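Coordinate analysis (summary)
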Amino acid sequence: MTHSTSRRQMLSQGAALVGAASTGLLLPQSVLAQSGKIRVGFMLPYTGTYAQLGVAIENGVRMAINEQGGKLGGREIEWFKVDDESEPSKGIENANKLVQRDKVDVIIGTVHSGVQMGIHKVARDSGVLSLIPNAGVHAATRALCAPNVFRTSFSNSQPTMALGEAMVKRGHKKAVWITHKYAAGDEAFEGFRDSYTKAGGTIVKELGLPFPNVEFQALLTEIAALKPDAVACFFAGGAAAKFMKDFAAAGLKGKIALYGSGFLTEGVIEAAGPAAEGVMTTLHYADGLDTKRNKDFRLAYAKTFKMQPDVYAVQGYDTGLLLIQGANAVKGDLSQKPALYKAMEGAVIDSPRGKWTMSKAHNPVQDMYLREVVKGENKVLGIAAKALADSGAGCRL
Ligand code: PHB
């Protein structure tokens, strides 16, 4: 440190003390240290198949914080953004842009499970607060769980853990599974396989294609030949809209029942058009949830962003709510880690999806709804699983 910098620092600290003394307050060093803005970094997909998911998440976060005056624990916010392109090979590098270059206090991201593993490594190495607003990769809240990492969305097998039983109850006992082949789809399959086989269903074939490939034709031809009672799948974003359309265009709609992890019909019902009607899914949210909380949220979101909210907007919103609760508990001083984590661990999130709490491993304990697309909306048919928790296997916190 040069003589002039240290002198400047001493002068400014002195000035702060004089200012504090003149108001009758002597501020401790920790208060001086946190008088600047809180630096919040978004690492989300803003291009590619999951682009609209990233936008919805950011909208949701901003909406929650704006509703509470636009500050965190009394401090102003400086925002940073990185487009992760849902590209796992750039995950670490992109997370470091926020953590090392921009020196964010909290990183909010991301959507894609593979990219999340990059963020997760950086979060574990640096200790920066990491809030996961979507990606369900099991490791983040199982074997590799961490005190500074909290998920506000779901674990990949959570939504499908209730799917198999719902299908068998409807008489669909022979199914083909199809997915994008990466952690999200493979872990969603675990939930589906367990619930479907336990309920007495048989999985006749597992099909897949690499993310983000959307050439479904050959696979749909194979499904037509297999003639199962039902198809169950994991697809999201642009790929989900195309899959539903191609399924209908291949003549399978109305002949083979189409089910999915609920992401299949999130944010894409309009794009899929009539192909989405009647599709049944399980998820921790539904447009049609008949609560004041959800209706107020949907109205306010639509007014602000001129578009309908979906599960990703809700997850973003809940991420904002969680961050607010944490920051308020430490009056904006995010360096008070034990108190910050304790507040977030004990948070009850009053979400549009229904109230939820954090599991020990930092993953939501939440209800799963059975939904059906009726007239362009995810209508609630019932609760498929109540207060469902991920196993958190291997997590020691
Ligand atoms: C994931 O990669 O974890 C993922 C992506 C999109 C979804 C759900 C999960 O809708």
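Read on for a plain summary of the structure. Note that this is a predicted model, so its numbers are computed, not measured. One numbering rule holds for all chains: residues counted from 1, following each sequence as written. At least 70 in pLDDT is required for a residue's local features to be given in this predicted model, at least 80 for side-chain atom pairs to be given and counted, and no such filter applies to totals for whole chains, interfaces and linings, which use all residues. As a rule here, side-chain values come from all non-hydrogen atoms in the structure, and water together with hydrogens is ignored.

**Observations regarding the overall build of the protein chain**
When you go through the protein chain residue by residue, the secondary structure sums to 13 helices and 14 strands. When we talk radius of gyration, it's over C-alpha atoms, and the globule rule is simply 2.2 Å times the number of residues to the 0.38. Over its C-alpha atoms the protein chain spans a radius of gyration of 23 Å, differing by no more than 12% from the 21 Å that the globule rule assigns to 397 residues. Seen through its C-alpha atoms, the protein chain measures out along the principal axes to roughly 80 × 40 × 40 Å. Note on definitions: a residue-residue contact is assigned when non-hydrogen atoms from the two residues lie within 4.5 Å. Across the protein chain, every contact between residues at least 6 apart in sequence was considered, and the portion connecting residues at least 24 apart equals 68%. As used throughout, the charge tally considers Lys and Arg to be positive and Asp and Glu to be negative, leaving His and the chain termini uncounted. Taken as the charge location is NZ of Lys, CZ of Arg, CG of Asp or CD of Glu. Once the 46 positive and 37 negative side-chain charges of the protein chain are each reduced to a mean point, those two points are 3 Å apart. Segments assigned H or I by DSSP are reported as helices when at least four residues long, segments assigned E as strands when at least two residues long, and all are numbered from the N terminus.

**Considering the packing of aromatic side chains**
Aromatic pairing here means that ring centres of Phe, Tyr or Trp (its six-membered ring) are within 6.5 Å. Orientation follows from the plane angle: under 30 degrees is stacked, over 60 is edge-to-face, and everything else is tilted. The final tally for this structure, using the stated rule, is 19 aromatic pairs. Between the aromatic rings of tryptophan 177 and phenylalanine 192, the centroid separation amounts to 5.2 Å while the plane-to-plane angle is 15 degrees, which identifies the pairing as stacked. Placement of the pair is tryptophan 177 in strand E6 (residues 174-180) and phenylalanine 192 in helix H7 (residues 183-198), with a sequence separation of 15 residues. Phenylalanine 192 shares its class with tryptophan 177; the two are buried. Look at phenylalanine 297 and tyrosine 301: their rings are 5.9 Å apart centre to centre, the planes differ by 40 degrees, and that puts the pair in the tilted class. With a gap of four residues between them, phenylalanine 297 and tyrosine 301 both fall in helix H11 (residues 292-305), about one helical turn apart. Each member of the pair, phenylalanine 297 as well as tyrosine 301, is classed as buried. Throughout this description, buried means an accessible area under 20% of the type-specific maximum (1.4 Å probe, protein chains only), exposed means over 50%, and partly exposed covers the range between.

**Looking at the site of the ligand**
Nearness is judged by heavy atoms alone; a residue qualifies as near a molecule or strand once a single heavy atom is within 4 Å of it. Taken together, 15 residues lie near the ligand, and Val111, Ser113, Gly136, Tyr182 and Tyr312 sit nearest. For the purposes of these results, a polar contact is taken to be a pair of N or O atoms within 3.5 Å, where, inside protein, one atom must be able to donate a hydrogen and its partner to accept one; residues adjacent in sequence count only when each atom of the pair is a side-chain atom. Contact between the ligand and valine 111: an oxygen atom at 3.3 Å from a main-chain N or O atom of the residue. What sets the accessible areas is the Shrake-Rupley method with a 1.4 Å probe; for residues, cover comes only from the shown protein chains. Starting from 280 Å² of accessible surface for the ligand in isolation, the protein chains cover 100%. For this scheme, ten residues count as nonpolar: Ala, Val, Leu, Ile, Met, Phe, Trp, Tyr, Cys and Pro. Four count as charged, namely Asp, Glu, Lys and Arg, and the remainder, Gly too, count as polar. When grouped by side-chain class, the residues that make up the shell around the ligand number 10 nonpolar, five polar and no charged. Viewed by domain, the shell around the ligand spans two of them, domain 2 (37-154 + 289-362) and domain 3 (158-283), each represented by three or more residues. For the purposes of this description, domain bounds are those given by an automatic or database domain assignment.

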